[in-house]
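Descriptive structure summary
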Amino acid sequence: MIKPCQRFLFLLIALFASVFMHAQTSDAGAIGSVDISTDISPLMSANVSQEIRFNQNLTSFDRSMTSLGLDYSLIRKVLKAELGYDFIYQNQISFYEFRHRASFALAAQYKLDSYSFQLKTKAQSTWRDESRGDYKFNPKYVWRNKLECTYTIFGSPVKPFVSGEVFCPLNGGNGFYMNGYRAIIGAKYRTSAHTTLEFMIRYDQDIQQSNPKSIVYGGFGWNYTL
């Protein structure tokens, strides 16, 4: 009889094999991040993070993003609300641009034996610098939906996970539609009571766009809980 862990790993491999077999990747990149979080109260927590991203086969700086977040538990261990702000320094090839992003999300969680599922729906607004570019829609509104599955290996500090996310612009010229998706496979490794390392492979794909792009990222994150 195949063990649950083996079934989960087989599912991850099958899912990502399917994604990559049908993908025509146009770029490769890397993501590095640091995240620090703390509990403010039994129902509320806050976090600050810094992310650096590279593209063009790891030869070019893509963007820096500094994030502040606040989570509030609406139903303990079941449903929470999230508020976020991102300060983005974006490489636009011919110039660099500062962007500001605000978001609101609801995240529902469900645990089944060793599996943990999270469904997150997020609405975000991104303000771009009009002095650096001509934007027909500013701010840009996007609706994102993400499903993530994490597997807990009994007695092990390693937690493998897989997730899928879709992106839908809300105020584009073509109305409401899906213009991209993201798939991630990775693992979290707890090194201490406060520190977790995260490793991932991320695939981003544009769809229903005039010049669709696809990119595979390798990622590493350091997470610390106060």
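None of these values were measured; they are calculated from a predicted model.

Any two aromatic rings considered together are summarised by their centre-to-centre distance and by the angle between their planes. Evaluated as defined, the whole model comprises eleven aromatic pairs. Geometrically, the ring pair formed by Tyr89 and Tyr96 is stacked, given 5.2 Å between the ring centres and 15° between the ring planes. Residue classification places Tyr89 among the partly exposed positions, given a relative accessible area of 30%. A relative accessible area of 40% places Tyr96 in the partly exposed class. Between Tyr89 and Phe98 the ring centres are 5.0 Å apart and the planes differ by 35°, which places this aromatic pair in the tilted class. When its relative accessible area of 44% is taken as the criterion, Phe98 is described as partly exposed. Members of the aromatic cluster, each reached through a chain of ring pairs, are Phe54, Phe61, Phe87, Tyr89, Tyr96 and Phe98.

Okay, unusual backbone geometry next. Of note, Lys77 is a non-glycine position whose phi angle comes to about 65°, a positive value. Turning to its location among the elements, Lys77 is positioned in the loop between β3 (60-75) and β4 (79-91). With a phi close to 55°, Asp113 is a non-glycine residue in the positive phi region. The topology assignment puts Asp113 in the loop between β5 (96-112) and β6 (115-127).

Regular strands have side chains that alternate between both faces of the sheet. In this sheet, strand β11 (residues 214-225) lies alongside strand β1 (residues 27-39) in parallel orientation, the contact comprising eleven bridges. Looking across to β11, one finds that Ser33 is bridged to Gly221. As paired elements, strand β10 (residues 195-206) and β11 share eleven bridges and run antiparallel to each other. Pairing of Thr196 across the sheet is with Asn223, part of β11.

About the cut-offs
- Residues numbered from 1 in each chain as written.
- Predicted model: local features only at pLDDT ≥ 70, side-chain atom pairs only at ≥ 80, totals over all residues.
- Heavy atoms only, no water.
- Phe/Tyr/Trp six-rings, centres within 6.5 Å; stacked < 30°, edge-to-face > 60°.
- Buried < 20%, exposed > 50% of the residue type's maximum accessible area, 1.4 Å probe, protein only.
- Helix = DSSP H or I, 4+ residues; strand = E, 2+ residues; numbered from the N terminus.
- Pairing = 2+ DSSP bridges.

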